[in-house]
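Chain and residue survey
Chain residues, written in single-letter form:
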Amino acid sequence: MMKKRLVVSMLAVVMVFAGCNKANDDTSSPAADEKGEVTIYLTRHGETMFNVLGKVQGWSDTPLTEEGEQIAVDLGKGLEGEITFAAAYSSDLKRAYDTGVSVLKGIGQEDIEVQQLAGLRESCCGQFEGESLETVGDSQVAQTEYKDYEAYEKAVRKDDEDTWSWFANAHYHADQSGYAEKPETVKKRMTEAIMEIAEEQSENGGGNVLVVSHGMSINIMLSGMTDKYTGESLKNASVTKIHYKDGELDVESIGDMSYLEKVEKE
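Here we summarise the structure given alongside this text. (Residues numbered from 1 in each chain as written. Predicted model: local features only at pLDDT ≥ 70, side-chain atom pairs only at ≥ 80, totals over all residues. Heavy atoms only, no water.)

**A look at the sheet that holds strand 5 (residues 239-245)**
To keep it simple, the criterion reads: In this scheme, strands are said to pair when DSSP sees at least two bridges between them. Going along the chain from the N terminus, every DSSP run of H or I of four or more residues is numbered as a helix, and every run of E of two or more is numbered as a strand. Helix axes use the C-alpha atoms of the stretch in contact, all axes being lines fitted to C-alpha atoms, and the angles between their N-to-C directions lie in the range 0 to 180 degrees. Two residues form a contact once any of their heavy atoms are found within 4.5 Å.
Taken together, the six strands give an open sheet; going across it, the order is 3-2-4-1-5-6, and neighbouring strands pair in mixed fashion. Of all strands in the sheet, those with a lone pairing partner are strand 3 (114-117) and strand 6 (248-256), marking the two edges. Strand-to-strand twist of the sheet, defined as the mean angle between neighbouring strand axes without regard to direction, takes the value 25 degrees. Against the sheet, helix 5 (residues 94-107) makes contact with strand 1 (38-44), strand 2 (85-91), strand 3 and strand 4 (207-213), and its axis sits at roughly 155 degrees relative to strand 2, the strand it touches most. Across the sheet, helix 10 (residues 215-223) lies against strand 1, strand 4, strand 5 and strand 6, angled at about 135 degrees from strand 1, the strand it touches most.

This is the structure we're talking about:
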């Protein structure tokens, strides 16, 4: 009789452990698969020295001007009370990082670390970085066999190419240094960086994320992401809002200046 009771007891223990393991391994429940929705507030950095001087910037990293720092703080003030950021990212160029820090200062979330991603960098313009915007076209042509910029553009530009992708291509085809980037390269790394940020934050429960990048890179990415894209130049500290849900990115708005305008009216 004792032997029979021992067998029954051991069987009960085995069944209890099996039940626990089944419960722990059960990933079919909605809670186990649930991921949060993410809203990315993608902004161009504040005004820099090269912006003021009218020079090609790219990977060259000139500092924010006093006005550039202030407009970033003001963007944060304009966002304050409307949203709270769960995370913040910038490119690894200092002008973008400093903009992120200033936005967080303005919104009162200075405790958040601005994480840097190289994928969010501006498009590299190779040997033309630091060139005056007024003369860069002539400098490009001087490296080619074409007689003027119009002939260069007619020969090289694709029929359906947007303005900002063409600017990147104009640098790339004339560049002799080997550093200038194709627009396809910029679009790929930017999109991958935004997806990486969105997926990670979704895994962490979702929420709002500040992302600071650069005018040309943002434009090039958007040109292949949404039919809302018109190719207009993005102002410093303008906001492009992108939603992420179920592995998909959806652009809500582009180049929004209302957050800054709200502060200016106060």
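Alright, that's what it looks like, and here's the rest.
**A word on the pairing of strand 5**
Quick note on the threshold: Between buried and exposed lies partly exposed: a residue is buried under 20% and exposed over 50% of the maximum accessible area for its type, with that area taken using a 1.4 Å probe on protein chains only.
When you tally the buried positions in strand 5, you get five out of seven residues, the bulk of the element. Where strand 1 lies against strand 5, six bridges are found, and the strand directions are antiparallel. Note on strand 5: the bridge partner recorded for Thr43 is Val239. The sheet contact formed by strand 5 and strand 6 spans six bridges and is antiparallel.

**A look at a nonpolar patch on the surface**
Just so we agree on the cut-off: Think of a patch as exposed residues, more than 30% relative accessible area, with no salt bridge, where like charges cluster within 9 Å and nonpolar side chains (Val, Leu, Ile, Met, Phe, Trp, Tyr) cluster within 5 Å. A 1.4 Å probe and the Shrake-Rupley method give the accessible areas. Residues count as covered only by the protein chains that appear here. Between Lys or Arg on one side and Asp or Glu on the other, a salt bridge is scored when a side-chain nitrogen of the former is within 4 Å of a carboxyl oxygen of the latter.
A cluster of nonpolar side chains, namely Met49, Val52 and Leu53, defines an oily patch on the protein surface of about 280 Å² accessible area. Within the secondary structure, Leu53 is located in helix 3 (residues 49-53).

**Section: the packing of aromatic side chains**
Rule in force here: Between rings of Phe, Tyr and Trp, where Trp is taken as its six-membered ring, a pair exists when centres lie within 6.5 Å; planes separated by under 30 degrees are stacked, by over 60 edge-to-face, and by other angles tilted. Two limits define a charge over a ring: the Lys NZ or Arg CZ must be within 6 Å of the ring centre, and within 35 degrees of the ring normal.
As enumerated under the stated definition, the model contains seven aromatic pairs in all. Both rings, one in Tyr146 and one in Tyr152, keep their centres 5.7 Å apart while their planes meet at 40 degrees; by these two values the pair is tilted. On the basis of relative accessibility, which here comes to 27%, the residue Tyr146 falls in the partly exposed class. Classification of Tyr152 by relative accessible area gives buried; the value is 1%. A centroid spacing of 6.2 Å and a plane angle of 70 degrees characterise the contact between Tyr149 and Tyr152, whose relative ring orientation is edge-to-face. Here the residue Tyr149 and the residue Tyr152 both occupy positions in helix 7 (residues 149-156), the gap between them amounting to three residues, near one helical turn. Here the aromatic residues Tyr146, Tyr149, Tyr152 and Trp166 are joined through ring pairs into a cluster of three or more. The aromatic ring of Trp59 is capped on one face by Arg121, whose charged end is 4.4 Å from the ring centroid.

**Considerations on the pairing of strand 1**
Most of strand 1 is tucked away: seven of the seven residues are buried. Of the two faces of strand 1, the one holding Val38, Ile40, Leu42 and Arg44 and the one holding Thr39, Tyr41 and Thr43 are both buried throughout. Bridge analysis of strand 1 against strand 4 gives seven bridges, and the strand direction is parallel. Note on strand 4: the bridge partner recorded for Leu42 is Val211.

**What about the packing of helix 4 (residues 66-79) against helix 11 (residues 258-265)?**
The criterion, for reference: Orientation labels follow simple angle bins: below 35 degrees gives roughly parallel, above 145 gives roughly antiparallel, 65 to 115 gives roughly perpendicular, and whatever is left gives oblique. Polar here means any residue outside two lists: the nonpolar Ala, Val, Leu, Ile, Met, Phe, Trp, Tyr, Cys and Pro, and the charged Asp, Glu, Lys and Arg; Gly therefore counts as polar.
Viewed as axis vectors pointing N to C, helix 4 and helix 11 meet at an angle of 90 degrees, and their least axial separation amounts to 8 Å. When the axis of helix 4 is compared with that of helix 11, the two are roughly perpendicular. Counting all contacts with helix 4, which are made through Ile71, Asp74, Leu75, Lys77, Gly78 and Leu79, the residues of helix 11 involved are Tyr259, Leu260, Lys262 and Val263. Tallied by class, the residues present in the contact of helix 4 with helix 11 amount to six nonpolar, one polar and three charged.

**Details of helix 8 (residues 163-174)**
Our working rule: Expected span of a helix, by definition, is 1.5 Å for each gap between consecutive residues, and there is one gap fewer than residues. Think of a polar contact as two N or O atoms within 3.5 Å of one another; within protein, one of them needs to be a possible hydrogen donor and the other a possible acceptor, and neighboring residues in sequence only count if both atoms come from side chains.
Relative to the 16 Å expected for twelve residues at 1.5 Å per residue, helix 8 spans 17 Å between its end C-alpha atoms, a close match to the ideal helical length. For helix 8, every residue scored as buried is listed here: Trp164, Ser165, Trp166, Ala168, Asn169, Ala170, His171 and Ala174. On its buried face, helix 8 sits against helix 6 (136-141), helix 7, helix 9 (183-203) and helix 10. Where helix 8 begins, the capping side chain belongs to Asp162, and its oxygen is found 3.2 Å from the backbone nitrogen of Trp164.

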